[in-house]
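Descriptive structure summary
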Amino acid sequence: MRPRAWIQRLLVVAQLLASFLIAPSLADDQATSRSIQEEVWALPLALPMFAYVVRPVGDGPFPLAIMNHGVSLDPIQRSFFPLVEFRDAAKWFARRGYFVVAPVGTGYGASAIDIPERGLYGPFFSKVGKCSNPNFRDAGLAVAQVDLWIIDFLAAEKRITPKDVVVVGQSAGAWASIALSSLNPPQVGAIIAFAGGRGGRVAGKPNNNCAPDKLVEATADFGRTSRVPMLWIYIENDTFFGPALSKRMHEAFTSAGGKAQYHLVPPFGDEGHFFIGSPNAIPIWSPLVSRFLDELK
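Residues numbered from 1 in each chain as written. Predicted model: local features only at pLDDT ≥ 70, side-chain atom pairs only at ≥ 80, totals over all residues. Heavy atoms only, no water.

1. Re the side chain of Ser171
What counts here: Working definition: helices are DSSP H or I runs of at least four residues, strands are E runs of at least two. Numbering for both runs from the N terminus. Think of it in three bands: residues with accessible area under 20% of the maximum for their type are buried, residues over 50% are exposed, and the middle band is partly exposed, with areas taken using a 1.4 Å probe on protein chains only. In this description, contact between two residues means that some pair of their heavy atoms is separated by no more than 4.5 Å.
One can find Ser171 in the loop between β5 (165–170) and α5 (172–181). Judged by its relative accessible area of 10%, Ser171 is buried. Those residues in contact with Ser171 that sit more than four places away from it in its chain are Gly70, Phe194, Ala195, Gly196, Gly197, Phe241 and His273.

What follows is the structure, encoded as structure tokens:
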């Protein structure tokens, strides 16, 4: 199938999906001063992918916020991956004027086709390899490259103001955001990382990181060149990247030259790692995020 025809089919699917999202959004926003709308886009990037988009009503251009989701090493879980992990958080940014794009990584949802016994392999390109010698660095930079493609695409479409982009990530998506900071893209003005890291909970065991020393080493490597202002938010009862490990990562990053504010918030729910996905967490993190962004103006 020709690439253009394939993209057109993706757009049709995206329009059908969007019809299920837009109506609830309008009802939710009747009590707000800024109306927003939710959509599903097919992004014609070098690696085409779907994205959840929520934005202010109007033509814009608007400042851009990219939201990177986490990863699962289980191909079955990736195949049932939700369209957006943090819908309420994304809408919080949109109501503050941001054009929010949450890409669904390749190898997730409809593109999760890992069936090795049939010779089918999905394009899941952010693996870290074996715990004996994990490659945390390149896995982060792979997703960071997607962020750069999204910025370039939306800037060319004149949908966004091509400066002061905010990148937000959760878990492996936050790790990708930290990786992105090491490249210092001129369009990116701030990065917010929730529970960032890789290699957490090996074999499903809490506080059992794949290679914690390697993770701290890779964090320091990113910090050597990173100069983008960052906000790191971790949760006390995160069993993927607990306080002891996240503090080591922050110390390594800032000692190497990176700029990051670190906040450890009290325990949240049964598992703090998925903090950003809960609407009940917004009153906890939103003052930190608002103050951080206001200080950059």
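2. Notes on the sheet that holds strand β1 (residues 36–43)
Put simply, the rule reads: By the convention used here, strands pair only if DSSP detects at least 2 bridges between them. Here the axes come from fitting lines to C-alpha atoms, over the contacting stretch only for helices, and the angles between their N-to-C directions go from 0 to 180 degrees.
Ordered in space as β1-β2-β4-β3-β5-β6-β7-β8, the 8 strands form an open sheet in which the pairing is mixed. Each edge of the open sheet carries a strand with a single partner, namely β1 and β8 (260–265). Strand after strand, the sheet turns through a mean of 20 degrees between neighbouring axes, direction not considered. Relative to strand β7 (residues 230–235), strand β6 (residues 188–194) runs parallel, the two being bridged by 4 bridges. Looking at the pairing, Ala193 lines up with Trp232 of β7. Its contacts with the sheet put helix α4 (residues 136–156) on β1, β2 (49–56), β3 (64–68), β4 (99–103), β5 and β6, and the angle it makes with β3 is roughly 155 degrees.

3. A look at the state of the cysteines
Disulfides are covalent bonds that connect the sulfur atoms of two cysteines. Rules: Two cysteine sulfur atoms form a disulfide, by the criterion used here, when they sit within 2.5 Å.
Under the definition given, this model contains 1 disulfide. Each sulfur in the disulfide pair Cys131 and Cys210 lies 2.0 Å from the other. Its S-S torsion of approximately -130 degrees makes the covalent link between Cys131 and Cys210 left-handed. With Cys131 in the loop between β4 and α4 and Cys210 in the loop between β6 and α6 (212–223), this residue pair connects regions lying 79 residues apart in the sequence. Given a relative accessible area of 15%, Cys210 falls into the buried group.

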